[in-house]
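Structural overview
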Amino acid sequence: MLGVSQSILREIAEQESLKHPLMQELFISSRKEIGDLEEMVIQDTQKHLEEVFCNNEKYKNINFEKIARRTWEIIPLILEREALTHYIQSSNRIGLREKLPELSNAREGILHLQRKHPCDCCIELELIEWTIDRFNQDLPLYPKLGHIHH
C-alpha cells in the first residue's frame, strides 16, 4: 500500500495517531490483509460510483473500477496527512516524502495523480475529486468502510 513497506506502515500506525479507523486497520494489517481490504474498498467505491453515475450519458464510457483504484491511491495520503508528515519529520526519513507526498485536499490529490498518470482524462479526474470530497464529507456514503473488523 502506498508504495512503502508493511513494516513502515505498521510503524506509522504504532507511533502516530491515525484519524480514520479504516486507515488504522490498513496500516497494521499484513500484506495479504491489506490487499483484501483494498480490494473490498475499491469494489465498494466502484459500486457506489456506478449506482450514482451509470444513468448519466456523460459517464457512459467511464471505467469506474479505474476511478475507484485511482481514488484509493491518494485517499490515505489525504486522510492521514498530518500523521504521515509527523512521522516523516520525527523519524528523519525525508526520503519517504516522495512516496508519501503531503496532500491536503482532493485538488492536490488530483494534481498528484495528473503527474503520476498523465493520460487520465478530465472526466475521470472530476469523478476522482467528487469521490474524495464525498468520502471526506460523509463516511456513511460508504457504509462498509467505517466498520471493518477481522
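The shown structure was predicted, so the numbers you read here are calculated from the model rather than taken from an experiment. (Residues numbered from 1 in each chain as written. Predicted model: local features only at pLDDT ≥ 70, side-chain atom pairs only at ≥ 80, totals over all residues. Heavy atoms only, no water.)

What follows deals with the overall build of the protein. Helices and strands together make up the secondary structure of the protein, namely 7 helices and 0 strands. Secondary structure elements in the protein, listed N-terminal to C-terminal, are α-α-α-α-α-α-α. Expressed as a percentage of the 150 residues in the protein, the buried residues total 46%. Once local pairs closer than 6 in sequence are excluded, the contacts in the protein between residues at least 24 apart make up 66%. Roughly 8,000 Å² of accessible area belongs to the protein as shown, and the carbon and sulfur atoms make up 49% of that amount. (Helix = DSSP H or I, 4+ residues; strand = E, 2+ residues; numbered from the N terminus. Buried < 20%, exposed > 50% of the residue type's maximum accessible area, 1.4 Å probe, protein only. Contact = heavy atoms within 4.5 Å. Areas by Shrake-Rupley, 256 points an atom, 1.4 Å probe, with all protein chains shown as cover.)

Confidence in the prediction of the protein, expressed as mean pLDDT, is 85, and 89% of residues score 70 or more. Here helix α7 (residues 122–137) stands out as the least confident element of the protein, with mean pLDDT 84; helix α5 (residues 81–90) is the most confident, with 96. Every residue in residues 139–150 is under pLDDT 50, and counting partners more than four places away or in other chains gives 25 contacts. (pLDDT = per-residue confidence, 0-100.)

Below, the discussion takes up the nonpolar core. I12, M23, F27, W72, L100 and I128 are the most contacted members of the largest nonpolar core, which totals 44 residues. Contributing elements (two or more residues each) for this core: α1 (6–15), α2 (21–28), α3 (31–53), α4 (64–79), α5, α6 (106–116) and α7. Considering each element in turn, this core owes the most residues, 9 residues, to α4. With residues up to four places along the chain from it excluded, the contact list for I12 reads L18, F27, L84, Y87 and L100. (Core = buried A, V, L, I, M, F, W, Y, C linked by side-chain atoms within 4.5 Å.)

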